[in-house]
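Given next are the chains, with one letter for each unit.
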Amino acid sequence: MAATMKKTVAAEDVNVTFEDQKKINTFARNTNRMTEFRDEIEAKKKSLQNLQDASDDLMMAEDDTLLVPYQIGDVFVSHTQEETQELLEAAKEQLEHEIKNLEGKVLAIQQVLGDLKVQLYAKFGNNINLEADES
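The paragraphs below set out a description of the structure included in this document. Note that the coordinates shown come from a computational prediction; the quantities given were computed from them, not determined experimentally. (Residues numbered from 1 in each chain as written. Predicted model: local features only at pLDDT ≥ 70, side-chain atom pairs only at ≥ 80, totals over all residues. Heavy atoms only, no water.)

A tally of regular secondary structure across the protein gives two helices and two strands. If you list the helices and strands of the protein from N to C, you get α-β-β-α. By residue count, 23% of the 135 residues in the protein fall in the buried class. Expressed as a percentage of contacts within the protein between residues at least 6 apart in sequence, the contacts between residues at least 24 apart total 67%. Per element, the accessible surface of the protein, about 10,400 Å² overall, is 53% carbon and sulfur. (Helix = DSSP H or I, 4+ residues; strand = E, 2+ residues; numbered from the N terminus. Buried < 20%, exposed > 50% of the residue type's maximum accessible area, 1.4 Å probe, protein only. Contact = heavy atoms within 4.5 Å. Areas by Shrake-Rupley, 256 points an atom, 1.4 Å probe, with all protein chains shown as cover.)

Moving on, we get to the pattern of salt bridges. A pair can form between side chains of opposite charge whenever their charged atoms are brought close. Tallied over the full model, the rule gives six salt bridges. The salt bridge involving Lys22 is made with Glu19; its shortest N-O contact spans 3.7 Å. Here Glu19 and Lys22 lie together in helix α1 (residues 18-60), a separation of three residues that amounts to about one turn. The salt bridge involving Asp20 is made with Lys123; its shortest N-O contact spans 2.5 Å. Taken as a pair, Asp20 in helix α1 and Lys123 in helix α2 (residues 81-124) lie far apart in primary sequence, 103 residues in all. The exposure class assigned to Asp20 is buried, which follows from its relative accessible area of 6%. (Salt bridge = Lys/Arg side-chain N within 4 Å of Asp/Glu carboxyl O.)

Here the focus is α1. Residues three or four positions apart in an α-helix share a direction because the helix packs 3.6 residues into each turn. The terminal C-alpha atoms of α1, which comprises 43 residues, lie 63 Å apart, in line with the 63 Å expected from a rise of 1.5 Å per residue. Turning to α1, its buried residues number three or more, namely Asp20, Phe27, Asn30, Met34, Phe37, Ile41, Lys44, Leu48, Leu51, Ser55 and Leu58. Buried residues along α1 sit against β1 (68-72) and α2. (Expected span 1.5 Å × (residues − 1).)

As for its position among the elements, Gln81 is in helix α2. In this structure Gln81 touches Leu58, Ala61, Asp63, Asp64, Leu66 and Val68, once residues within four positions along its chain are discounted.

A word on the environment of Ala43. With respect to the helices and strands, the residue Ala43 is situated in helix α1. With a relative accessible area of 42%, Ala43 lands in the partly exposed category.

This paragraph deals with α2. An ideal rise of 1.5 Å per residue puts 64 Å on 44 residues; α2 measures up with 62 Å between its terminal C-alpha atoms. At the exit of α2 stands Gly125, carrying a positive phi of roughly 60°.

Our focus in this paragraph is the layout of surface pockets. In this structure, the second largest pocket occupies an estimated 170 Å³ of space. Lining the second largest pocket are Phe27, Thr31, Met34, Gln110, Leu113, Gly114, Lys117, Asn129, Leu130, Glu131 and Ala132. Of all the secondary structure elements, the ones that give two or more residues to the lining of the second largest pocket are α1 and α2. Residue composition of the lining of the second largest pocket, by class: five nonpolar, four polar and two charged. (1 Å grid on protein atoms, 1.4 Å probe; cavity = no way out; pocket = protein on both sides within 12 Å on 5 of 7 lines; lining within 4 Å. Points joined across faces, edges and corners; volume = space filled by probe spheres on them. Nonpolar A, V, L, I, M, F, W, Y, C, P; charged D, E, K, R; others polar.)

A few words now on a negative patch on the surface. A contiguous patch of negative charge, built from Glu36, Asp39, Glu40 and Glu42, is present on the exposed surface. By relative accessible area, Glu42 is classed as partly exposed at 44%. (Patch = residues over 30% accessible without salt bridge, like charges linked within 9 Å, V, L, I, M, F, W, Y side chains within 5 Å. Lys, Arg positive; Asp, Glu negative; His and termini not counted. Charge placed at Lys NZ, Arg CZ, Asp CG, Glu CD.)

A word on the pairing of β1. Here five bridges tie β1 to strand β2 (residues 75-79), and the two strands are oriented antiparallel to one another. Bridge pairing in β2 links Pro69 to Ser78. Hairpin connection of β1 to β2: two residues between the antiparallel strands, including Gly73 at a positive phi of 70°. (Pairing = 2+ DSSP bridges.)

Shown next as structure tokens:
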């Protein structure tokens, strides 16, 4: 992020009240939670893509009588292709549901952060930086 010099007379002296500090702490906590949720969404999207790839590969298999090992926890269980396809579809639906829930949480946090930004910038102006570093 590039820093720019602004010609200002002097930074205003603004007292930070206990309520202001609570808002700043809430902002920081929610920013961290949102980052964690976004990382979790990306991991789940990768898992979803892996399940989709496995499903596609399974559809291309020519031998329908072949048993396919499917991992459940630490154990591989052999299923028919049809059963394995059903398990893959169920796992994909579950992941899609989890991703939607996480995206909903991110949206809710973004609304809270937006409200806090307005309140904190209104009081502190340029004396506070609430923008995330993109480095």
